[in-house]
Number of protein chains: 2
Amino acid sequence: MRQAGRALPEYRALREGTGMLDSCFRPDMVTEITLQPLRRFGVDAAIFFSDIVVPLKAIGVDLDIVPGVGPVVAEPFRTRADLDRLVPLEGAPEITQAVQQLVSELGATPLIGFAGAPFTLASYLVEGGPSKDQRRTKALMYGDPVLWDGLMTRLADLTLAFLRVQVDAGASAVQLFDSWVGALPAQDYRRYVMAHSARILTGVRDVPRIHFGVGTGELLHDMGAAGADVVGVDFRVPLDEAVRRVGPGKAVQGNLDPTLVFAPEAVVRTMTERVLAQAKTAEGHIFNLGHGVLPETDPDVLTRVVAHVHEATSA
Amino acid sequence: MRQAGRALPEYRALREGTGMLDSCFRPDMVTEITLQPLRRFGVDAAIFFSDIVVPLKAIGVDLDIVPGVGPVVAEPFRTRADLDRLVPLEGAPEITQAVQQLVSELGATPLIGFAGAPFTLASYLVEGGPSKDQRRTKALMYGDPVLWDGLMTRLADLTLAFLRVQVDAGASAVQLFDSWVGALPAQDYRRYVMAHSARILTGVRDVPRIHFGVGTGELLHDMGAAGADVVGVDFRVPLDEAVRRVGPGKAVQGNLDPTLVFAPEAVVRTMTERVLAQAKTAEGHIFNLGHGVLPETDPDVLTRVVAHVHEATSA
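Below: a short report on this structure. In this text, all values refer to a predicted model and were calculated from it rather than measured experimentally.

Scoring rules and cut-offs
- Residues numbered from 1 in each chain as written.
- Chains lettered and ligands numbered in written order.
- Predicted model: local features only at pLDDT ≥ 70, side-chain atom pairs only at ≥ 80, totals over all residues.
- Heavy atoms only, no water.
- Contact = heavy atoms within 4.5 Å.
- Buried area = accessible area lost by both parts, 1.4 Å probe.
- Salt bridge = Lys/Arg side-chain N within 4 Å of Asp/Glu carboxyl O.
- Helix = DSSP H or I, 4+ residues; strand = E, 2+ residues; numbered from the N terminus.
- Buried < 20%, exposed > 50% of the residue type's maximum accessible area, 1.4 Å probe, protein only.
- Core = buried A, V, L, I, M, F, W, Y, C linked by side-chain atoms within 4.5 Å.

Quick word on the interface of chain A and chain B
Thought 1: The interface is formed by 29 residues belonging to chain A together with 29 residues belonging to chain B.
Thought 2: Together chain A and chain B conceal approximately 2,500 Å² of surface at their shared face, both sides included; 52% is due to carbon and sulfur atoms.
Thought 3: Interface area lost by chain A to chain B is led by A:Arg135, A:Glu218 and A:Arg236, which between them contribute 24%.
Thought 4: Linking chain A to chain B there are eight salt bridges.
Thought 5: Across the pair A:Lys138 and B:Asp257 runs a salt bridge, and its minimum N-O distance is 2.5 Å.
Thought 6: Breaking the side of chain A that touches chain B down by element, the ones donating at least two residues are helix 7 (135-143), helix 9 (186-192) and helix 13 (265-278) of chain A.

Here it is, written out as structure tokens:
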């Protein structure tokens, strides 16, 4: 469950007075925040607490996460000269330390490493912040494919290095998260994005690799083919259909609609059952929400969902 | 091209000092605004200037369109008692007058009538305004299907009455626009939405019926089956694939990505060609953008797109 912390009072208390990006570079805080949802919900794995823009921050890009807005980049990336600002990541000691601490605390429970995928990173860099339509990103991608390729190549290097730090420090799996790639038709995903994401996924093939985006119903096959072992599915595509799209030899993850936590308890149960039923044909299915946890979520509802899934799948 | 006005200086000049909803109830203004994109772009049909919430306003629901926000409903709809606020629409003289004026001005050029579909209307009423995730709408829909059905029934009555006003006054076709329905999986669209949209589409079967939503790749078949003659397709699904999903006997409309107007001219041309190529198998294809016109669009780019399409399709 991504972004589960936002719904937890213990998370809000711990983060009080510390900026989002600062908290991602404090090993003790990362450790504690990563463990909180595990204690609260009893899930089967921990997902490393971080943010999509952390590796950019780690190499010195001037950006911040503004509450209520999202990542804001001081000087957006738009020209060839901007490529020089994307220097190689030479280790990330705070991340290494946090992962090592976590692995030691977690024992047999797996830790899933986390990174944003190049298209989504490019989107923040080119737009200068969140965008509803990725218009500048697309204008650059379609309009200057050579510059685009240079940008994506450097971002793939960065992302791979960031994931390698986590895997080398002991993470058991990784999740590559491409928030905005659902803005592309499959044909353009294959031409402008897929090879870069594939290079990252290949570079961490020593662990299971999960790949996810929102609104990516049209891309499920290609995101799997990019080298994922598990493809995350949002709540719009039923898991049996997702299995058909992803194809054989891969697992799917998802996909309870996270807004359902605002519906009556019986609805949550029914819809959880529906996801499990649709996953019957899905070998290796990993139950999850079909999107991040919403901040206003009552954590107890999620605790009950986890218990329900455990009960249903252990029977 | 929906929302084309926003990009036109002549539209902004005319709207100066008049609220969005007020302008929708002034026949002379509606007439002029509807004609502006036609004069500017040389498109083959006019789309009636209105707003999704106009029929709600017409029956006295207290709401306004707040610039930069969208529709805001003074008292959101959440209980059975709220249903009584949705009274029947007994004519809409300003709309009738505007359509009649337009039909007379337009001569042989068709006028497409316009209305929002019940799910999207319900979303504004239940949320109280625009929502990223339709959480309250879904909570009501899944949690109280009887109240939901009552709400959708009244909204379908209202929408049908609003479209009948336009058709009876001389509109040559209609577009039923379901902005937010892409938030539902197909299974739930069929259970909670389809019959209501279908009743509206059946009620205007004397004219061609276009049905459109954004992010509705998973719903194309069902939106066609609801009774549309033409299914609008956003830019994520190639038209040849859309034709397969929609099935025989129906046309598709779309789907140039509207953000491409920010890319270099050559990109716009290439992507226009691509849409036309993908539409080769699409009998009765109507070229359009795959989403509304963005406010910052340079109108001249759209003028050139229209000329390009005319040139290519008349050859």
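Now that the structure has been shown, the text picks up again.
Brief notes about the environment of A:Thr281
Residue and element names in this part refer to chain A.
Thought 1: Tracing the backbone through its elements, the reader meets Thr281 in the loop between helix 13 and strand 9 (286-289).
Thought 2: A residue is classified by how much of its surface remains accessible, and Thr281, at 56% relative accessible area, is exposed.
Thought 3: Once the C-alpha coordinates of Thr281 and Asp22 are considered, the two residues, 259 residues apart in sequence, prove to be 43 Å apart.

Focus: the nonpolar core
Thought 1: By size, the foremost hydrophobic cluster in this structure holds 223 residues, and its most contacted members are A:Leu56, A:Leu151, B:Leu56 and B:Leu151.
Thought 2: Leaving out residues up to four positions away in the same chain, A:Leu56 has contacts with A:Val61, A:Leu63, A:Leu86, A:Leu121, A:Leu125, A:Leu155 and A:Leu158.

Let's talk about the pattern of salt bridges
Thought 1: By the definition in use, this model includes 38 salt bridges over all chains.
Thought 2: Note that A:Asp222 and A:Arg190 form a salt bridge whose closest N and O atoms lie 2.8 Å from each other. Separated by 32 residues along the polypeptide, A:Asp222 in helix 11 (residues 220-225) and A:Arg190 in helix 9 bring together distant segments of the chain.
Thought 3: Overall, the relative accessible area of 44% leaves A:Arg190 in the partly exposed class.
Thought 4: Ionic pairing is found between B:Asp133 and B:Arg135, a salt bridge with its closest N-O pair at 3.0 Å. Of the two residues, B:Asp133 and B:Arg135, both sit in the buried class.
Thought 5: Ionic contacts of the salt-bridge type, sharing partners, join the residues A:Glu218, B:Glu241, B:Arg244 and B:Arg245 into one network.

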